[in-house]
Amino acid sequence: MLDAVDAVLVRELQRDGRATFQALADRVGLSRTAVRTRVQHLLDSGIVRVVGIVHASVIGTGAIGHLFVDVDGPARHVVDAVARKSAAWFAALSTGAHAVVAEVRVRDDATLAQEVDGVRSLPGVRGVEVFRVISVVKDAHSVVTELPDVSLDEIDWRLLRELTRDGRTPYTRLAEVVGLSQAATRARAVRLMRTGVIHVSGIVDSRALGSGELAGVGVRVSSDVDTAAGRIARLSGINYVVTGFGRYDLVCGIDATSRDLLLSTLEAVRAVPGVWVGESWHHLDVVKQTYGADLD
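An account of the accompanying structure is given in this report. (Residues numbered from 1 in each chain as written. Predicted model: local features only at pLDDT ≥ 70, side-chain atom pairs only at ≥ 80, totals over all residues. Heavy atoms only, no water.)

Turning next to helix H11 (residues 259–270). Compared with the 16 Å implied by 1.5 Å per residue over 12 residues, the 17 Å span of H11 between its first and last C-alpha is a close match. For H11, the complete set of buried residues consists of Leu 262, Thr 265, Leu 266 and Val 269. One face of H11 carries all of its buried residues, which in axial projection span an arc of 100°. Tucked into the core, H11 has its buried residues touching strand E7 (213–221), helix H10 (225–233), strand E8 (238–245), strand E9 (250–256) and strand E10 (275–289). (Helix = DSSP H or I, 4+ residues; strand = E, 2+ residues; numbered from the N terminus. Expected span 1.5 Å × (residues − 1). Buried < 20%, exposed > 50% of the residue type's maximum accessible area, 1.4 Å probe, protein only. Arc of directions from axis to C-beta. Contact = heavy atoms within 4.5 Å.)

Right, let's get into the nonpolar core. Note on soluble globular proteins: their nonpolar side chains tend to be buried together. With 24 residues, the main nonpolar core has Leu 67, Val 69, Val 78, Val 82, Val 100, Val 119 and Val 128 as its most contacted residues. Those elements that provide at least two residues to this core are strand E2 (63–71), helix H5 (76–83), strand E3 (88–94), strand E4 (100–106), helix H6 (109–120) and strand E5 (125–139). The dominant element in this core, judged by the number of residues it contributes, is H5, at five residues. Apart from residues lying up to four places away in sequence, Val 78 is in contact with Val 69, Val 71, Val 100, Leu 122, Pro 123, Gly 124 and Val 125. (Core = buried A, V, L, I, M, F, W, Y, C linked by side-chain atoms within 4.5 Å.)

Note that an α-helix has 3.6 residues per turn; residues three or four places apart therefore point the same way. For H10, the complete set of buried residues consists of Ala 228, Ala 229, Gly 230, Ile 232 and Ala 233. Of the surrounding elements, those touching the buried residues of H10 are E5, E7, E8, E9, H11 and E10. Of the residues that open H10, the one with a side-chain oxygen 3.4 Å from the backbone nitrogen of Asp 226 is Asp 224. (Polar contact = N/O pair within 3.5 Å; in protein donor to acceptor, adjacent residues only side chain to side chain.)

Let's shift gears to the sheet that holds E4. On the basis of which strands lie adjacent, the closed barrel formed by eight strands has the order E2-E4-E3-E10-E7-E9-E8-E5 and antiparallel pairing. Between one strand axis and the next, the sheet turns through 35° on average, direction left out of account. Examined bridge by bridge, E5 and E8 share six bridges and lie antiparallel to one another. Of the residues in E8, the one forming a bridge with Lys 138 is Val 241. In this fold H5 packs onto E2, E3, E4, E5 and E10, with an angle of close to 170° to the strand it touches most, E3. Packing of H10 onto the sheet brings it into contact with E5, E7, E8, E9 and E10, and relative to E8 it is tilted by some 165°. (Pairing = 2+ DSSP bridges. Axes fitted to C-alpha atoms, helices over the stretch in contact; angles between N-to-C directions.)

Shown next as structure tokens:
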């Protein structure tokens, strides 16, 4: 488990993945050298991965579908086949009514329909139920803010590619890649981040802490959907909330470091006025979880 200092460092990296060691040191009250050592340990151990997350409208992944896959027989070969699809951002073996749960992100509904048909045609798949996302209220692994009208040139794309690989790549290295001065490179990178084209954040792998518990929740709402979604999104332990069309009004994700915390978060969702938990599923094995499209 993380100690108090590491916990603060993780939260700061989630807020700003490119925060300087000095800024982090000022936040926790340690020396810059001590903080550098701690952050490097968090990165090397896999507890935190700092990545650049590019806005969906920039990379053309605005159509999102959650796929609940029914399988005849063992499901391992099915989830592996789904995970190999480039459009699949998430694929897991899960408990509950459906053996495989996946998330597909593509450009439009026509492409989404093609991807769903592709999953249906996989050997061993009996059927696929789709929840079409309409609004992303909260997502720890993507940018959900409105994007202003911005134009990108090849240098911008080079910066985006480097930052998606390693969000803490130094400006000296970025400058070498794009062929600009360090000052000009920094100005471009800051522009991309301030406009919301990319958000550099620390992604925490709770499994690296030794007790990762991941679950999904399908919620029905008896009142205003947006109000209920906002209340659920503010709950501790909720890392994902979307509204859409399908069996449920909302689909939520829970990321907990223990079974007890998973249960308490699920109970907190149940306690939100006007909602009913129609189904919950526990991700037993996350085969694929990516944070963005391959910009190459």
